[in-house]
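Observations on the three-dimensional arrangement
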Amino acid sequence: KQEVTQIPAALSVPEGENLVLNCSFTDSAIYNLQWFRQDPGKGLTSLLLIQSSQREQTSGRLNASLDKSSGRSTLYIAASQPGDSATYLCAVGRGYQKVTFGTGTKLQVIP
Amino acid sequence: EPEVTQTPSHQVTQMGQEVILRCVPISNHLYFYWYRQILGQKVEFLVSFYNNEISEKSEIFDDQFSVERPDGSNFTLKIRSTKLEDSAMYFCASRVWPNEKLFFGSGTQLSVL
């Protein structure tokens, strides 16, 4: 059974700081990994999708890496802003099957 | 960007009542999903649906739950007899192909009293 863990559970940083969120998964037989953002009481917004054959994906100030063999992914956020405050979720998937979500990291960026 | 649309945004019901949660997936998507999130907990998979049939379901998705795609655009989740523990945010999701990005709706907050 796939287990997905995210560390830290919560993070508070001053505006402008670069930060790294971690995601680990127990079963490396994945097809892809997706990072989402969730604002309080809202839906999930897709940030980045990394296919199992890829090492990283970038979108603006976000960069996600994947090391499938070690069961790890990181989300790097450059020059953090107060608007980045949200919960960040990683989710791993195998083809058409369900994706399994991590426990989430709640980020607060302090102005 | 195309969106997954869910209605209603909030639903309050009495224990034992039937509820239907509605979703309109993105039009060219072929794979549909329901997830739920109990307050303060992880997002949990309920069911996946492809080619007009369930392709996978979790242990949560018991006989009280059913899904339907009644026409070419809607995808519904029915809970036959709601329980207090069904109170959660329910998310619909869709994607065009198995290995592509999964898009989520904004959710329906279900409160069972």
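Here we summarise the structure given alongside this text. (Residues numbered from 1 in each chain as written. Chains lettered and ligands numbered in written order. Predicted model: local features only at pLDDT ≥ 70, side-chain atom pairs only at ≥ 80, totals over all residues. Heavy atoms only, no water.)

Attention shifts here to the nonpolar core. Ranked by internal contacts, the top residues of the largest apolar core, which has 23 residues, are Phe25(A), Leu33(A), Trp35(A), Leu75(A), Ile77(A), Tyr88(A) and Leu107(A). Among the elements of the structure, strand S3 (19–25), strand S4 (32–38), strand S5 (44–51), strand S7 (62–67), strand S8 (72–77), strand S9 (86–93) and strand S11 (105–110) of chain A are those that each provide at least two residues to this core. Apart from the residues within four sequence positions on either side, Phe25(A) is in contact with Gln2(A), Glu3(A), Val4(A), Ile30(A), Leu33(A), Leu66(A), Asp67(A), Lys68(A), Gly71(A), Arg72(A), Ser73(A) and Val92(A). Counting 22 residues, the second largest nonpolar core, distinct from the first, contains Cys23(B), Trp34(B), Leu46(B) and Cys92(B). (Core = buried A, V, L, I, M, F, W, Y, C linked by side-chain atoms within 4.5 Å. Buried < 20%, exposed > 50% of the residue type's maximum accessible area, 1.4 Å probe, protein only. Helix = DSSP H or I, 4+ residues; strand = E, 2+ residues; numbered from the N terminus. Contact = heavy atoms within 4.5 Å.)

Our focus in this paragraph is the pattern of salt bridges. Going through the model one piece at a time under the given rule, you end up with five salt bridges over all chains. Put simply, Arg61(A) and Asp84(A) hold a salt bridge, and the shortest N to O gap is 2.9 Å. Placement of Arg61(A) in the loop between strand S6 (56–59) and S7 and of Asp84(A) in the loop between S8 and S9 is noted, with a sequence separation of 23 residues between them. Taken together, the shared-partner salt bridges in this structure form one network comprising Arg36(B), Glu44(B) and Asp86(B). (Salt bridge = Lys/Arg side-chain N within 4 Å of Asp/Glu carboxyl O.)

Once that is clear, we can look at the side chain of Gln38(A). Assignment of secondary structure puts Gln38(A) in strand S4. Judged by its relative accessible area of 10%, Gln38(A) falls in the buried class. Within the structure, the side chain of Gln38(A) is placed 3.2 Å from the backbone oxygen of Lys42(A), a separation counted as a polar contact. Among all residues touching Gln38(A), those that are not within four sequence positions of it are Gly43(A), Leu44(A), Ala86(A), Thr87(A), Leu89(A), Gln37(B) and Phe91(B). (Polar contact = N/O pair within 3.5 Å; in protein donor to acceptor, adjacent residues only side chain to side chain.)

So, on to the state of the cysteines. Using the criterion set out here, one finds two disulfides over all chains in the structure. At a sulfur-sulfur separation of 2.0 Å, the disulfide partner of Cys23(A) is Cys90(A). Taking the torsion about the sulfur-sulfur bond, which here is approximately 75°, the covalent link between Cys23(A) and Cys90(A) counts as right-handed. Linking Cys23(A) in strand S3 with Cys90(A) in strand S9, this pair joins segments that are 67 residues apart in sequence. Across the pair, exposure class does not vary: Cys23(A) and Cys90(A) are buried alike. The partner cysteine of Cys23(B) in its disulfide is Cys92(B), sulfur to sulfur 2.0 Å. On the sign convention where negative is left-handed, the bridge of Cys23(B) and Cys92(B), at about -65° about the S-S bond, is left-handed. (Disulfide = S-S within 2.5 Å.)

We now examine the packing of aromatic side chains. Residues and elements named next belong to chain B. Counting across every chain of the model gives 14 aromatic pairs over all chains. Summarising the aromatic geometry, the rings of Tyr31 and Trp97 are spaced 6.4 Å apart at their centres and angled 90° between planes, so their arrangement reads as edge-to-face. Placement of Tyr31 in strand S4 (residues 31–37) and of Trp97 in the loop between strand S9 (88–95) and strand S10 (103–104) is noted, with a sequence separation of 66 residues between them. When its relative accessible area of 8% is taken as the criterion, Tyr31 is described as buried. (Phe/Tyr/Trp six-rings, centres within 6.5 Å; stacked < 30°, edge-to-face > 60°.)

A separate point is the sheet that holds strand S8 (residues 75–79) of chain B. All names here are of chain B. If you trace the four strands from one edge of the open sheet to the other, you get S1-S3-S8-S7, paired in antiparallel fashion. In this open sheet, the two edge strands, each paired with only one partner strand, are strand S1 (5–7) and strand S7 (65–68). Within this sheet the neighbouring strands show an average axis-to-axis angle of 20°, counted without direction. Two strands pair when backbone bridges link them, and S7 and S8 are joined in this way by four bridges, in the antiparallel orientation. (Pairing = 2+ DSSP bridges. Axes fitted to C-alpha atoms, helices over the stretch in contact; angles between N-to-C directions.)

All names here are of chain A. Strand order across the open sheet formed by five strands is S1-S3-S8-S7-S6, with antiparallel pairing between neighbours. With one partner strand each, in any of the chains shown, strand S1 (4–7) and S6 form the two edges of the open sheet. Averaged over all adjacent pairs, the angle separating strand axes in this sheet is 15°, with direction ignored. Here S6 runs beside S7; their pairing, made up of four bridges, is antiparallel. Residue pairing in the sheet places Thr58 in a bridge with Asn63 of S7.

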